[in-house]
Amino acid sequence: MYAEHLHGKGEKETMETDRKSIYAVETNALTKMYGEKAAVKNLTLKVREGSIYGFIGRNGAGKSTTLKMLCGLAYPTGGEIRLFEKPVSDPTVRRRLGVLIETAGLYPNMTARQNAVMKARCMGLADDKSADTVLEVTGLADTGKKKVKHFSMGMKQRLGVALALLGNPDLLILDEPINGLDPEGIRELRQLIQRLHEEGKTILLSSHILGELSKIATNYGIIKDGELVEQVSREELEEKCQDYFQIEVQEVQRAFALIRESFPDVRAEAADSSSIRLYGVRNGAEVNQMLIENQVSVYASGFHHMDLEEYFLDRMEGGRRYV
Amino acid sequence: MFNLLNMDLYRVKRSRSCYICLGIFLIGMVVMYGLLWLMAVPEGQKISVDIGMLTAVQVDEMSTIMDGTDSLILFRQASLDGGMYNIVLGVWVALFVCSDYQSGFIKNILALHQNRWNYVGSRIMTVGIVNLCCLILNLIFALAMNRVAGDMVPYAGWEDYLFYMSWVWLLTTAFASLMILICVLTRSVAAGSVAAVLLGSGVIVLPVYSILNMFHIGGWLEYSIYLTMTKGPGQYTAAKDLYVYVVGAGFLILYTVLTGIVLEKQDI
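Computed from a prediction, not measured in an experiment: that's the story for all the values here.

## Topic: the domain arrangement of chain A
Here's step 1: When the domains of chain A are assigned, the result is domain 1 (9-232) and domain 2 (242-305).
Here's step 2: Here domain 1 of chain A and domain 2 of chain A have C-alpha centroids that lie 44 Å from each other.

Shown next as structure tokens:
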């Protein structure tokens, strides 16, 4: 539907490079205070054009408040927001934005098409056909006269996405879009998001289902207590979440000293009081053998891969202790 | 703002509540003209006496009571002077505005329209248009009922209808803008409906007016929406009669500006 018509390969690559050097969303020291309490503190967020940005944080961390400020639904107490390098107040920029914040905002006594036509008219789209197009894209074209109040949660969410897609926006802000969806609904929405990304849209989405997010996101931002803890690309995250060899030993300090001496290229860190994580180990048996030969008891050992969820929880706990 | 108005009118056409309100007005009118027929028309009076609704003495008095009554006065008394019209319109406004908040659709609107005055403007215009349609349909229906009942009362002059309908439209729209303000503040249909009943029926204004009048300081309340509607002129006789437009426009501007300021300060 929204396919780009690009001609030469060189031209395509140049345009792609240009696009990636532009920030679709850029905030500078964004702050939101509710009375004395800061919901968002000095948040500096950068979302490159053409990326799928996963915005992660615990409940109450400030995700929805941040997204609401980006959409103009909440006023920042301080700081600046720029969309596509223009101030957020610019009406031309707002037309490039499609939003689904928390639950889909729908009139329950209207049909899917009537809701879509309402939004189309709100945008000033002269042709009601755009409503039919987005309903088709989201698989809701055949809902007929069924009123939204009789829709399942998944259908409502899909209709919310359909409304966000009206006007062919360049940036989609989706707050918890997979909440309440069944596995099939989640898969369908994931496929839709991937398709939209392939069509060149920038997508900023928050979700608690980190496993699902990790399947599609190209960049991540982690927010904790209103502050952005980290922004990483998928590649950087994969590097950080590299395989490690974990051993459980009786004497952690002695084991550290021995590992440093015998394997100088291996990075070691303490996971807890009795576990050590070793990065860069190729043969775990060699480590075990060395420790046993030096009379350090090894209770358990094995290779692990840290996933997004584990990494997120690790960051929430304040970071690992590096030894 | 006109995009929003287009959207609102699309919604109004598909909303049952609008037709229910109009139905209430028309049923009220039928009941009122039915009762009047029983009391003012000889055939009706005969039935009233037979069923014990009126005595022969009361029937004789009826012609005196009906003296000086025309179709405009009857129309005013039937729907507007008692506050019935404002109550029903107010409840409809509460349903219309609060459903934006309750459904969450306002997020779709305000994410697109950063200038929140557009939202206020479109709501006022929508309510003004619906109000105008309801008033005109009400009047046409009242005149038709009078004709069906055999011209029970004489018709007023067209200029009197025009004068009355124009200022009453302004005042009822001002009342609707007050309802929009209350709904934007509370975001609750219940609160909006209670406010519509209390403010539209004069339950608040009349006691305050009586109390203040005991100290001879209640005169300014005659310029409230409720008392202006009740006491406003039925025909234009002098320039002083134009005060009704000033009251209507003043309250409309005041409540519109207050709604805009409240909405500008709110997070959604």
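Now that the structure has been shown, we can carry on.
## Observations regarding the interface of chain B and chain A
Here's step 1: Counting residues at the interface gives 21 residues for chain B, matched by 27 residues for chain A.
Here's step 2: Secondary structure elements with two or more residues in the side of chain B that touches chain A: α1 (2-14), α6 (84-103) and α7 (105-112) of chain B.
Here's step 3: Sort the elements by how many residues they give to the side of chain B that touches chain A and α7(B) lands first, with eight residues.
Here's step 4: Partitioned by chemical class, the residues of the side of chain B that touches chain A number ten nonpolar, seven polar and four charged.

## A few points about the environment of Leu170(B)
Residues and elements named next belong to chain B.
Here's step 1: Note that leucine 170 resides in helix α9 (residues 158-186).
Here's step 2: In this structure leucine 170 comes out as buried when scored by C-beta crowding, with 21 C-beta atoms within 10 Å.
Here's step 3: Residues leucine 170 and aspartate 8 lie 162 residues apart in sequence; the distance between their C-alpha atoms is 20 Å.
Here's step 4: Residues contacting leucine 170, with those up to four places away along its chain left out, are Tyr245, Gly248, Ala249 and Leu252.

## Structural notes on α6(B)
Residue and element names in this part refer to chain B.
Here's step 1: Between its terminal C-alpha atoms α6 stretches 28 Å, which fits the 28 Å expected from 20 residues at 1.5 Å a residue.
Here's step 2: Remark: the principal bend of α6, roughly 25°, maps to valine 97.
Here's step 3: Of all 20 residues in α6, 16 are buried; the element is thus mostly enclosed.
Here's step 4: Backbone geometry just downstream of α6 places glycine 104 in the positive-phi region, at approximately 85°.

## Describing the nonpolar core
Here's step 1: Grouped together as the largest cluster of nonpolar side chains are 144 residues, with contacts concentrated most on Ala116(A), Leu159(A), Ile173(A), Val93(B), Leu171(B), Met179(B) and Ile180(B).
Here's step 2: If you tally residues by element for this core, the top one is α9(B), at 16 residues.
Here's step 3: For Ile173(A), the residues in contact, after removing those within four places along its chain, are Leu67(A), Leu70(A), Cys71(A), Leu97(A), Val99(A) and Leu204(A).
Here's step 4: In this structure, Ile259(A), Ala268(A), Ile276(A) and Val287(A) belong to the second largest nonpolar core, which totals eleven residues.

## Considerations on the pairing of strand β5 (residues 78-83) of chain A
Residues and elements named next belong to chain A.
Here's step 1: As defined by bridge partners, strand β1 (residues 23-34) adjoins β5 across five bridges and the pair is classed as antiparallel. Paired with valine 25 across the strands is leucine 83, a residue of β5.
Here's step 2: Pairing of β5 with strand β6 (residues 86-87) involves two bridges; the strand directions are antiparallel. By the bridge assignment, leucine 83 is partnered in β6 with lysine 86.
Here's step 3: Where β5 hands over to β6, the hairpin turn is made up of two residues, of which phenylalanine 84 adopts a positive phi near 50°.

## Some details on the confidence of the model for chain A
Atomic detail in the predicted coordinates should be set aside for any region of low pLDDT.
All names here are of chain A.
Here's step 1: With 91% of its residues at a pLDDT of 70 or more, chain A has an overall mean of 83.
Here's step 2: Scored below 50 in pLDDT, residues 1-8 shows ten contacts in the model against residues more than four places distant or in partner chains.
Here's step 3: Ignoring residues within four places in sequence, the model shows residues 319-323, a span with pLDDT below 50, making nine contacts including any to other chains.

## Section: the environment of Glu188(A)
Residues and elements named next belong to chain A.
Here's step 1: Counting through the fold element by element, glutamate 188 comes out in helix α7 (residues 183-198).
Here's step 2: Residue class for glutamate 188 comes out partly exposed when judged on the 17 C-beta atoms lying within 10 Å of it.
Here's step 3: Separated by 57 residues in sequence, glutamate 188 and alanine 131 place their C-alpha atoms 20 Å apart.

What counts, and where the lines are drawn
Residues numbered from 1 in each chain as written. Chains lettered and ligands numbered in written order. Predicted model: local features only at pLDDT ≥ 70, side-chain atom pairs only at ≥ 80, totals over all residues. Domains from an automatic or database assignment. Contact = placed C-beta atoms within 7 Å. Helix = DSSP H or I, 4+ residues; strand = E, 2+ residues; numbered from the N terminus. Nonpolar A, V, L, I, M, F, W, Y, C, P; charged D, E, K, R; others polar. Buried ≥ 20, exposed ≤ 12 C-beta atoms within 10 Å, placed from the backbone. Expected span 1.5 Å × (residues − 1). Bend = angle between axes of the 7 residues up to and from the residue. Core = buried A, V, L, I, M, F, W, Y, C linked by C-beta atoms within 7 Å. Pairing = 2+ DSSP bridges. pLDDT = per-residue confidence, 0-100.

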